[in-house]
Amino acid sequence: MHALIDINNFYASCERVFNPVLRNQPVVVLSNNDGCIIARSSEAKALGIKMGAAYFEHEKFLKENNVAVYSSNYPLYADMSDRMVKILNEITDDITIYSIDEVFADLSSHHPSDLEDIAHEIKDKLLKYIGLPVSVGVAPTKTLAKVANYYAKRYKKFSNVLVFKDDETIKEALLLIDVGEVWGIGRQFKKFLKGNGIKSALDLRDANETFIRKHMTVTGLRTVKELKGYSCISVDSIREDRKNITHSRTFKTAITNITELKKATATFTVRVSEKLRFQKSAANIIGVFIETSRFNNKKYKYKNSKVINLPVPSDNTFELIKYAVKALETIYVNGFQYKKAGVMLFGLQDSANMQYSIFDTYDRPKYKNALTVLDKINIKMGRDTVRYAIQGHNTKISIQERLSPRYTTSWNQIIDVKT
């Protein structure tokens with residue numbers, strides 16, 4: 001049996017842990033540049049606030065409805081996620097992290113009669129120890145655990161815990177779920193399936209397997225098998241790695257000199273290379289772009305980009321910064337006010353199976369060891385605890401005017417207790 005533990009309204013819930021006043025108040029969290037809404041509490045959803053809505057368009061509505069608005073505080077969220085994982089490790093040894101707020105746990109070693117108690121234990125401990133509300137779905141497969149969690153989260157009668165105990169219950173649940181809600185069914189497959197009369201999750205479970213394999217390959221067939229109760233999908237087979245990685249920002253104040261642009265470009269390169277190593281990939285191509293405000297008149301507008309083919313596929317931040325700065329120097333033109341810039345990585349491949357060159361001048365094992373240490377320090381102690389000299393002293397580039405303190409990752413921002 002598999003359990004899916006999913007933190008309810010994760011970002012909003014993290015903000016509430018250290019600010020109890022927010023617990024019955026609608027809360028939204030904004031994207032990196034305070035541009036759009038990327039997370040909502042249940043109360044905010046009830047107000048009709050949409051995911052991805054532009055903040056500036058809804059600012060008046062949010063104020064009128066007493067909605068608490070926060071900039072995204074990723075160091076805090078990552079640390080709270082890590083704390084959740086540590087608590088789950090005390091309950092069960094076999095867990096798989098699916099995302100920052102979702103974890104699968106294999107409960108096969110437990111007796112079926114104990115599963116509901118274990119699920120409630122997980123929910124209660126996470127709420128008691130770190131203050132995060134979670135929903136727990138338990139079922140014979142990961143795909144069905146996702147379905148169980150879907151119901152546990154949305155219907156109060158389940159008290160955030162649902163265990164699928166028999167096939168009849170599973171069939172009833174699948175009948176009421178749109179096929180597009182099934183784990184691993186993307187937008188295109190949803191359209192295809194509905195066009196062929198497969199509208200519910202139960203329709204997909206009962207579909208002709210030869211037809212599914214022909215049109216959805218073996219991946220689609222595995223989903224059907226999982227809906228039937230046969231466990232055959234790993235988390236990695238569903239979670240696709242990115243084909244390219246981009247990090248860009250709009251600057252609050254325009255940049256007018258290349259020194260500051262180099263600092264920003266280096267910081268963007270650090271971000272994309274961290275993501276690159278996280279998914280165990282290496283890039284063949286790096287690109288940099290810069291542009292002025294699109295609202296400038298034509299005389300003062302400038303936009304350009306440059307891509308460089310790397311001699312060897314790389315996930316080495318030191319090396320990638322060198323090429324990013326080289327690309328920037330090629331396209332930079334003095335005299336303009338630059339409002340946006342970004343770094344892009346293309347041609348990603350598995351870093352474990354890279355083709356090197358006999359003319360390569362980098363000591364890659366040495367750099368790999370150094371980067372592993374740097375990543376561990378920055379994950380544990382907070383982003384940019386150790387930074388590259390070219391980034392400068394201040395690496396904060398995003399517009400984050402509503403940022404809450406990093407209560408758990410910064411000694412200078414630990415919560416004060418008044419007696």
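Report on the accompanying structure. Since the model is a prediction, treat every value here as computed from it, not as a measurement.

This next bit is on a nonpolar patch on the surface. On the surface, a cluster of nonpolar side chains totalling about 780 Å² of accessible area is made up of Val373, Ile377, Met381, Val386, Trp411, Ile414, Ile415 and Val417. Structurally, the position occupied by Met381 is in helix H14 (residues 364-381).

Next up on the list: the sheet that holds strand S4 (residues 68-71). Pairing between sheet strands relies on hydrogen bonds along the backbone, with the strands arranged either parallel or antiparallel. Spatially, the 3 strands line up as an open sheet ordered S3-S2-S4, and their pairing is mixed. Strand pairing shows two members of the sheet lacking a second neighbour, strand S3 (37-40) and S4, which therefore form its edges. Taking the axes of each pair of neighbouring strands and ignoring which way they run, one obtains an average angle of 30 degrees across the sheet. Sheet topology places strand S2 (residues 27-30) next to S3; 3 bridges connect them, and they run antiparallel. Each bridged residue has a counterpart across the sheet, and for Leu30 the counterpart in S3 is Ile37. Together, S2, S3 and S4 form the strand contacts of helix H1 (residues 10-17), whose direction differs from that of S2 by roughly 110 degrees.

At a minimum axis distance of 11 Å, the contact between helix H6 (residues 142-154) and helix H7 (residues 167-175) shows a crossing angle of 70 degrees. As far as their axial angle goes, H7 and H6 are roughly perpendicular. Once H6 is placed against H7, the crossing between them reads as left-handed. Contacts from Leu144, Val147 and Tyr151 of H6 reach H7 at Ile170, Glu172, Ala173 and Leu174.

Time to look at the sheet that holds strand S6 (residues 102-106). Taken in spatial order, the 5 strands of this open sheet run S5-S6-S1-S7-S8, and their pairing is mixed. Across the chains shown, the open sheet's two edge strands, defined by having one partner strand only, are strand S5 (95-99) and strand S8 (161-163). This sheet shows a mean twist of 15 degrees between the axes of neighbouring strands, independent of strand direction. When strand S7 (residues 134-139) meets S8, the two strands line up parallel, connected through 3 bridges. Within S8, the position partnered with Val136 by the bridge is Val161.

Quick look at the pairing of S4 now. Side chains Ala68 and Tyr70 of S4 all project onto a buried face; the interleaved residues Val69 and Ser71 project onto the opposite face, where all are buried too. When S2 meets S4, the two strands line up parallel, connected through 4 bridges. From the neighbouring strand, Val27 faces S4, where its bridge partner is Ala68.

It is worth spelling out the environment of Pro20 at this point. In this fold, Pro20 is placed in the loop between H1 and S2. Separated by 116 residues in the primary sequence, Pro20 and Val136 place their C-alpha atoms 24 Å from one another.

Under the definition given, this model contains 15 aromatic pairs. Each ring, one from Tyr151 and one from Tyr155, has its centre 5.7 Å from the other, and the planes form 25 degrees; the classification is stacked.

One can find Thr265 in helix H12 (residues 258-278). Assessed through its relative accessible area of 1%, Thr265 is described here as buried.

Time to look at the packing of helix H4 (residues 74-91) against helix H5 (residues 115-130). Between H4 and H5, the shortest axis-to-axis distance is 10 Å and the interhelical angle comes to 140 degrees. By the angle between their axes, H4 is oblique relative to H5. Crossing of H4 over H5 shows right-handed handedness. Here H4 contributes Met80, Arg83, Met84, Ile87, Leu88 and Ile91 to the contact with H5, which in turn contributes Ile118, Glu121, Ile122, Lys125, Leu126, Tyr129 and Ile130. A class-by-class count of the residues in the contact of H4 with H5 yields 10 nonpolar, no polar and 3 charged.

A few words on the pattern of salt bridges. As enumerated under the stated definition, the model contains 17 salt bridges in all. A salt bridge links Lys263 to Glu260; the nearest nitrogen and oxygen atoms lie 3.3 Å apart. Residue Lys263 and its partner Glu260 are both found in helix H12; the two are separated by 3 residues, about one turn of the helix. Lys263 gets classed as partly exposed once you look at its relative accessible area, which sits at 28%. For Glu260, a relative accessible area of 33% puts it in the partly exposed group. Residue Asp375 is joined to Arg277 by a salt bridge in which the shortest nitrogen-to-oxygen separation is 2.8 Å. Of this pair, Asp375 sits in helix H14 while Arg277 sits in helix H12, and the two are 98 residues apart along the sequence. Members of the salt-bridge network, linked through shared partners, are Asp167, Lys171 and Arg205.

Rules used in this analysis
Residues numbered from 1 in each chain as written. Predicted model: local features only at pLDDT ≥ 70, side-chain atom pairs only at ≥ 80, totals over all residues. Heavy atoms only, no water. Patch = residues over 30% accessible without salt bridge, like charges linked within 9 Å, V, L, I, M, F, W, Y side chains within 5 Å. Areas by Shrake-Rupley, 256 points an atom, 1.4 Å probe, with all protein chains shown as cover. Salt bridge = Lys/Arg side-chain N within 4 Å of Asp/Glu carboxyl O. Helix = DSSP H or I, 4+ residues; strand = E, 2+ residues; numbered from the N terminus. Pairing = 2+ DSSP bridges. Axes fitted to C-alpha atoms, helices over the stretch in contact; angles between N-to-C directions. Contact = heavy atoms within 4.5 Å. Parallel < 35°, antiparallel > 145°, perpendicular 65-115°, else oblique. Left-handed = near helix turned anticlockwise from the far one by under 90°. Buried < 20%, exposed > 50% of the residue type's maximum accessible area, 1.4 Å probe, protein only. Phe/Tyr/Trp six-rings, centres within 6.5 Å; stacked < 30°, edge-to-face > 60°. Nonpolar A, V, L, I, M, F, W, Y, C, P; charged D, E, K, R; others polar.

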